[in-house]
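For reference, the chains in residue letters:
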Amino acid sequence: MTGPDTTDLCPEEFVTFAKTLAQRAGEISLDHFRVEVAVERKGDLSPVTAADRGAEAALRELVAARYPSHGVVGEEFGPHQEDAEFVWVFDPIDGTRAFVSGNPQFGNLIALTQGGRPLVGVINMPAQGDCWIGATGHGTQLIDAEGSRPAKTRACAKLSDAVLRAQLLPLTEPEGLDLLRPKVADSLLSGDCFSYGQLASGWLDLVAESGLYAFDFMALVPVVEGAGGVITDWQGQPLGMESDGRALASGDPALHQQALEVLAR
């Protein structure tokens, strides 16, 4: 199957399949959560476990069976048909450090891109029971123990009123964040993908990060935008496969422009 035209509205079949992928990734993650699991270190010293690899392998198998012409880009294995029109992008466990320490704030990131641009995005937090799903032409939905309901960002037009989640470690804080943090009402330590779910549901106002890869942020774009927010790189350009790894998400478009002006100094 190659999938239908998605020019104006993401077909429901892609949204439904993304939910299936997220559910499977969540099941595998929870099978390994808070049990003894070997932790290896990759070249960049980031941790990886059998849960990361097992979840991504399962997702790739599901895509190959359903959409054999689609490509796949994931964190743990090499790209497959990355030049295809439709490419699935996976971070099987976003927040592996949280995962291996028994912290429930880890997630499964599932994205579908068309022509390199995000079309569907899922932030699945299996240990918390929260799942945000966004897609082009669809409003973002939060699925939790209470059912499914629209996720909407909140209005906050002034930096001085905003709550920010960002990288706050002094030794690694990227240039620009040191200027942004003093201008907001409150700053919180980055919570990986959960931060963007919080923003989509109107629980905070800004998220700023750097050092990200495509599999870290592609799923975030439809979720944030479908909830009424804005997400770009630090120059205000759309995020895509070739972005430089810096992301800024804002619940209020007016707030986004103010934050961009600070980060650009």
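Below is a short write-up of the structure. If you're wondering where the values come from, they're calculated on a predicted model, not measured in any experiment. Just so you know, the residues in each chain are numbered from 1, in the order the chain's sequence is written. It should be noted that, the model being predicted, local features are given only for residues of pLDDT at least 70 and side-chain atom pairs only at 80 or more, the latter also being counted only at that level, while totals for whole chains, interfaces and linings use all residues. Excluded from the side-chain calculation are hydrogens and water; included are all heavy atoms of the structure.

**Re the packing of helix α1 (residues 12-32) against helix α2 (residues 50-66)**
Lines are fitted to the C-alpha atoms to define the axes, a helix being fitted only along its stretch in contact, and any angle between axes, read from their N-to-C directions, falls within 0 to 180 degrees. Note on conventions: DSSP H or I runs of at least 4 residues are helices, E runs of at least 2 residues are strands, and numbering of each starts at the N terminus. The N-to-C vectors of α1 and α2 enclose an angle of 150 degrees; their axes lie 9 Å apart at closest approach. Classified by the interaxial angle, the pair formed by α1 and α2 is roughly antiparallel. Crossing of α1 over α2 shows right-handed handedness. Residues Glu13, Phe17, Leu21, Arg24, Ala25, Ile28 and His32 of α1 pack against Ala50, Ala51, Gly54, Ala55, Ala58, Leu59, Leu62, Val63 and Arg66 of α2. For the contact of α1 with α2, the class distribution of residues is eleven nonpolar, two polar and three charged. Between 65 and 115 degrees an angle is taken as roughly perpendicular, under 35 as roughly parallel, over 145 as roughly antiparallel, and anywhere else as oblique. We call a crossing left-handed when the near helix sits turned anticlockwise from the far one by less than a right angle, and right-handed when that turn is clockwise. Pairs of residues are marked as contacts when any of their non-hydrogen atoms sit within 4.5 Å. Only Asp, Glu, Lys and Arg are considered charged, only Ala, Val, Leu, Ile, Met, Phe, Trp, Tyr, Cys and Pro nonpolar, and every remaining residue, Gly among them, polar.

**Points about the sheet that holds strand β9 (residues 147-150)**
Taken in spatial order, the seven strands line up as β3-β4-β5-β6-β7-β8-β9 in an open sheet, and their pairing is mixed. This sheet does not close on itself; its edge strands, each paired only once, are β3 (71-74) and β9. The mean angle between the axes of side-by-side strands here comes to 15 degrees, regardless of whether they run parallel or antiparallel. Note on pairing: DSSP must find at least two bridges between two strands before they are called paired. Where strand β8 (residues 138-144) and β9 come together, four bridges link them in antiparallel fashion. Of the residues in β9, the one forming a bridge with Ile143 is Ser148. The strands that α2 touches are β3, β4 (86-94) and β5 (107-114); relative to β4, the one it contacts most, it runs at about 155 degrees.

**Quick word on the side chain of Asp216**
Mapped onto the fold, Asp216 is located in helix α6 (residues 214-217). Once you skip the residues sitting within four places of it in the chain, Asp216 turns out to touch Asp91, Asp94 and Leu109.

**Here we look at the sheet that holds strand β13 (residues 230-232)**
Read across the open sheet, the five strands follow the order β11-β10-β12-β14-β13; overall the sheet is mixed. Here the strands that pair on one side only, and so sit at the sheet edges, are β11 (186-189) and β13. Neighbour-to-neighbour, the strand axes of the sheet open up by a mean angle of 15 degrees, direction not taken into account.

**A few points about the packing of aromatic side chains**
Aromatic pairs are defined between Phe, Tyr and Trp rings, using the six-membered ring for Trp, whenever the two ring centres lie within 6.5 Å; interplanar angles under 30 degrees are classed as stacked, those over 60 as edge-to-face, and all others as tilted. In this structure the tally under the stated criterion is eleven aromatic pairs. Their ring planes at 55 degrees and their centres at 5.0 Å tell us that Phe33 and Phe106 sit as a pair that is tilted. Taken together, the residues Phe33 in the loop between α1 and β1 (40-41) and Phe106 in the loop between α3 (96-100) and β5 connect sequence positions 73 residues apart. The burial state of Phe33 is the same as that of Phe106; both residues are buried. Relative accessibility decides the category of a residue: with a 1.4 Å probe and only protein chains considered, values under 20% of the type maximum give buried, values over 50% give exposed, and everything between is partly exposed.

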